[in-house]
Amino acid sequence: MRYLADAFLSICIIAAVCSVTSASTITVPDDFDKIQDAIDDSSTVDGDTILIEAGTYNEHDLDTGSKQLTFTGETHADGSPAVTIDAQGVGRVWHIDNTNETVTLQNLVITGGSTTAFGGGIYCNGPHTITNCHVQNNTAGRGGGIYFDSGGTPTITDSVVTDNTATDGADEIDGGGGIYCRDCGPLIERCEVTSNDATGTSAAGGGIHCNNGMGSTPNLRINDCTIASNTTGGDGGGVFLNAFADAAIQRSDVNNNTATLGDGGGICLIDTSTLTASDTEIHDNTAGDDGGGVGMRINRSSSFTTCLIHDNSATNFGGGIDCWQSGSSFTVTDCHVTDNTSGVGGGISCRETSSSGATISISGCVIDANTSNNPTGDGGGGIYSHDNTTPTISDCAITRNTTSGKGGGVSCTDNPAISDCTISMNAGVDGGGVGAWGGGTPDLDGCMIHDNTASNDGGGVYALFGSIDGCDVRSNSSGGGDDSGCGLFLSSGNIVTMGSTLVCSNTGSDEQIEGEFQDDGDNTISDECPPECPDADG
């Protein structure tokens, strides 16, 4: 028995050694002049590595077939790729269509690809890996640089995707100047996706287009990436999410992207897609329509946590973020939304939820120095809420926002619940701090409303309906004359309820409050604010 055991152990060791040593390294051009010849040779088998020496290789439509291979290019001293594969406009560069095995591309410059189909630089169908590659100056109908098809979860890391073009542009399913992913869930990590273009007036996703049109839910992950200076004729200058796409963006920088005629200069999500963004900076993006930083319509849900959203611009709604017909939830938590510009809703615009159960929450945020410049009156320098959105706005600093319409800080036609916020140094026509109109019914609770300016009525608040409880309304000003309500401009008929509120030291009209309110008690109304309580030092 001992001899049988020893023999069996020897066989296992030999098998293991053979298994380990079966993979080999093939060198181009030493072993084969061309990369495709190395792939096609019968001696090249699964697990082999094809080492490509420094230089330029003019090859196109490289097809890996059904083999599991690793392609490794030599690098310069700084680690950048020293190998260029140039298709010279004759066809795409790589065609990898193998959903059962993994192909790895690393340390390669992939350029000069051209096709009217999909994936000018790389067509990738399967769980393949791209690392430390530069995919640049390629052209395709969709996915100018890379087209990830419906097989598995491909990975691209430490790579640059730049100056690629997607030429199909008749429909919003077209586009993906840099990367197009269809019915799959790629991981894009530590990459730069820059200066790509999706041409055509309806093309979407200048940088990245994710379309999950089959209805299952992928998991697109974008981590530690820069998505910058991409352009599209339609929606989503930087990133476009469509048709049940489910994405998470973390620790990334989305900047200087443009949606020329559409929504979402930085990011656009539509048609029941979802987005979770955290620790991400979205800035200096431009939308020809809505959502300078982020544009959303008829999406399932979205959340933004500890993000910086600044210096974006939109022609119409939502300089920083526009949320239109959200079906489930929209949350913005601990974010800075600053220095954005649009026609309506300079910082954030929320419009027309598509479900009665939808929830909108803005909490712990700084909404500062945003501008709404549409002269028609909708306003909302900081935040605009309209038509059944009923947002909850809590623990926010809403400061230094301006509008040429109503509500320098907040404008609403629905019933937002605004609690424990500081609303200060904002400016508008009616409602320097808060302007409620068209049936708007704000509930203000525990807010500090001070140093706001209305060029017409309601220095602090302009509201015909709603409630004010436990607020401090002081040092606001109105410019509409004696009856302009320098502190509060309210309707007649005791429609607004007010309790435990201090209204004082507001200027610009005869009375601190213009109009009537239902007195819930403990209110103080005075031309001069009472002296502050002394601190412990007297």
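Notes on the structure follow. (Residues numbered from 1 in each chain as written. Predicted model: local features only at pLDDT ≥ 70, side-chain atom pairs only at ≥ 80, totals over all residues. Heavy atoms only, no water.)

1. Observations regarding the environment of Ile270
Put simply, the test is: Here a strand is any run of E in DSSP of at least two residues, a helix any run of H or I of at least four, and the numbering for each starts at the N terminus. Each residue is assigned to one of three classes by its accessible area relative to the maximum for its type, calculated with a 1.4 Å probe on protein chains only: buried under 20%, partly exposed between the two thresholds, exposed over 50%.
Locating Ile270 in the fold gives a position in strand S30 (residues 267–270). When its relative accessible area of 1% is taken as the criterion, Ile270 is described as buried. Separated by 185 residues in sequence, Ile270 and Ser455 have C-alpha atoms that sit 38 Å apart.

2. Regarding the state of the cysteines
Filter applied, for reference: Cysteine sulfurs are considered disulfide-paired once they come within 2.5 Å of each other.
Per the counting criterion, the structure on display carries one disulfide. Disulfide pairing is shown between Cys504 and Cys529; the S-S distance is 1.9 Å. On the S-S bond that ties Cys504 to Cys529, the torsion sits near 85°, and the link is right-handed. Here Cys504, found in strand S64 (residues 502–504), pairs with Cys529, found in the segment after strand S67 (524–526); they are 25 residues apart in sequence, far enough to count as distant. Each member of the pair, Cys504 together with Cys529, is buried. Take Cys268: it sits in no disulfide, and the sulfur closest to it among the cysteines is that of Cys323, at 12 Å. Note on Cys268: relative accessible area 0%, which makes it buried. This cysteine, Cys350, is not joined by any disulfide, and Cys323 carries the nearest cysteine sulfur, 5.7 Å off.

3. Details of the side chain of Arg474
Rules: Polar contacts, as counted here, are pairs of nitrogen or oxygen atoms within 3.5 Å of one another; within protein the pair requires one atom able to donate a hydrogen and one able to accept it, and residues that are adjacent in sequence qualify only if both atoms are side-chain atoms.
Among the secondary structure elements, Arg474 is positioned in strand S60 (residues 472–474). One polar contact links Arg474 to Asp472, side chain to side chain, over a distance of 2.8 Å.

4. Things to note about the environment of Asp33
Applicable threshold: The contact definition used throughout considers only heavy atoms, calling two residues in contact when any of these lie within 4.5 Å.
Its location among the elements puts Asp33 in the loop between strand S1 (25–28) and helix H2 (35–40). Its relative accessible area of 61% is what places Asp33 among the exposed residues. Linking Asp33 and Ser195, residues 162 residues apart in sequence, is a C-alpha distance of 34 Å. Look past the residues within four positions of Asp33 in its chain and what remains in contact with it is Val28 and Tyr57.

5. Points about a negative patch on the surface
Where we set the bar: A patch is a set of surface residues, each over 30% in relative accessible area and not in a salt bridge, joined within 9 Å for like charges and within 5 Å for the nonpolar side chains Val, Leu, Ile, Met, Phe, Trp and Tyr. With residues, only the protein chains shown are counted as cover, and all accessible areas are computed by Shrake-Rupley using a 1.4 Å probe. What makes a salt bridge here is a side-chain nitrogen of Lys or Arg within 4 Å of a carboxyl oxygen of Asp or Glu, nothing more. Positive charges come from Lys and Arg, negative ones from Asp and Glu, while His and the chain ends are left out of the count. To locate a charge, take NZ of a lysine, CZ of an arginine, CG of an aspartate or CD of a glutamate.
Judged by side-chain charge, Asp395, Asp420, Asp443, Asp445, Asp469, Asp519, Asp520 and Asp522 come together as a negatively charged surface patch. Take Asp469: it is sitting in strand S59 (residues 467–469).

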